[in-house]
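# Fold and geometry: a report
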Amino acid sequence: DKMTDQIPQWIKDKFSSPEFIRHGLMEFDRLDRTKNGKLTPGELSPLLVELCRANAAAVTIDQCLHLVAVFDLDNDGVISRDEYVKLCKFLFVMKWLESKQNGVE
């Protein structure tokens, strides 16, 4: 599709690498406080704090709910391991686009 055609091959290769997936799943396990294999909106809060470089008190449950709504592909109200890997890919591309915009690649 048009969107993935714009992504450089090195990023596509990275996304299919076992290392990228393993790292994403390790982060998932770190966030999964209940160890039930799913991330609730509240369990995503540390991720948003890290991404936004914000104080934990500045991240709201509504922001976490919105993140779940975007990446919860099966609409069960939580983020599964597979959905989290997709979220990681999205975040990686966003960081790449930001660095590209700032003249770094």
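Everything discussed here concerns the structure shown above.
All chains use their own residue numbering, which begins from 1 and follows the written sequence. Predicted model: local features are reported for residues with pLDDT of at least 70 only, side-chain atom pairs are reported and counted for 80 or more only, and whole-chain, interface and lining totals are derived from all residues. As a convention, hydrogens and water are excluded, and side-chain values are obtained from all of the structure's heavy atoms.

## Re unusual backbone geometry
A positive phi angle, near 55 degrees, is found at Lys35, a position not held by glycine. Looking at where Lys35 falls in the secondary structure, it is placed in the loop between helix 3 (18–31) and strand 1 (38–39). Residue class for Lys35 comes out exposed when judged on its relative accessible area of 58%. Not every positive phi belongs to a glycine, and Asn75 is a case in point at roughly 55 degrees. Put simply, DSSP H or I for four residues or longer makes a helix, DSSP E for two residues or longer makes a strand, and each gets a number counted from the N terminus. Within the element layout of this structure, Asn75 appears in the loop between helix 5 (61–71) and strand 2 (79–80). For every residue, the accessible area (1.4 Å probe, protein chains only) is compared with the maximum for its type, and the residue is labelled buried under 20%, exposed over 50%, or partly exposed between those bounds.

## Here we look at the packing of helix 4 (residues 45–52) against helix 5
Between the N-to-C directions of two axes lies an angle of 0 to 180 degrees, each axis being a line fitted to C-alpha atoms and, for a helix, fitted only over the stretch in contact. The N-to-C vectors of helix 4 and helix 5 enclose an angle of 100 degrees; their axes lie 10 Å apart at closest approach. Here helix 4 is positioned roughly perpendicular relative to helix 5, judged by the angle of their axes. Contact residues: helix 4 offers Ser45, Leu47 and Leu48, while helix 5 offers Gln63, Cys64 and Leu67. Across the contact of helix 4 with helix 5, the residue classes break down as 4 nonpolar, 2 polar and no charged. Each angle receives one of four descriptions, namely roughly parallel if under 35 degrees, roughly antiparallel if over 145, roughly perpendicular if within 65 to 115, and oblique otherwise. Contacts were defined at the residue level, with two residues in contact if any of their heavy atoms lie within 4.5 Å. Under the convention adopted here, Pro, Cys and the residues Ala, Val, Leu, Ile, Met, Phe, Trp and Tyr are nonpolar, Asp, Glu, Lys and Arg are charged, and Gly plus all remaining residues are polar.

## Some details on the packing of aromatic side chains
Aromatic pairs are defined between Phe, Tyr and Trp rings, using the six-membered ring for Trp, whenever the two ring centres lie within 6.5 Å; interplanar angles under 30 degrees are classed as stacked, those over 60 as edge-to-face, and all others as tilted. Under the criterion given, the structure shown has 6 aromatic pairs. Ring centres of Phe20 and Phe92 lie 6.1 Å apart, and the angle between their planes is 90 degrees; on these two criteria the pair is classed as edge-to-face. With Phe20 in helix 3 and Phe92 in helix 6 (residues 81–101), this pair connects stretches of sequence that are 72 residues apart. A residue is classified by how much of its surface remains accessible, and Phe92, at 23% relative accessible area, is partly exposed. Members of the aromatic cluster, each reached through a chain of ring pairs, are Trp10, Phe15, Phe20 and Phe92.

## What about the pattern of salt bridges?
What counts as a salt bridge is simple: a side-chain nitrogen of Lys or Arg found within 4 Å of a carboxyl oxygen of Asp or Glu. The final tally for this structure, using the stated rule, is 4 salt bridges. For Glu27, the salt bridge goes to Arg30, with nearest N and O atoms at 2.7 Å. Of this pair, Glu27 and Arg30 are both found in helix 3, 3 residues apart, which corresponds to roughly one turn of the helix. Note on Glu27: relative accessible area 21%, which makes it partly exposed. Linked by salt bridges that have partners in common, Glu27, Arg30 and Glu50 make up one network.

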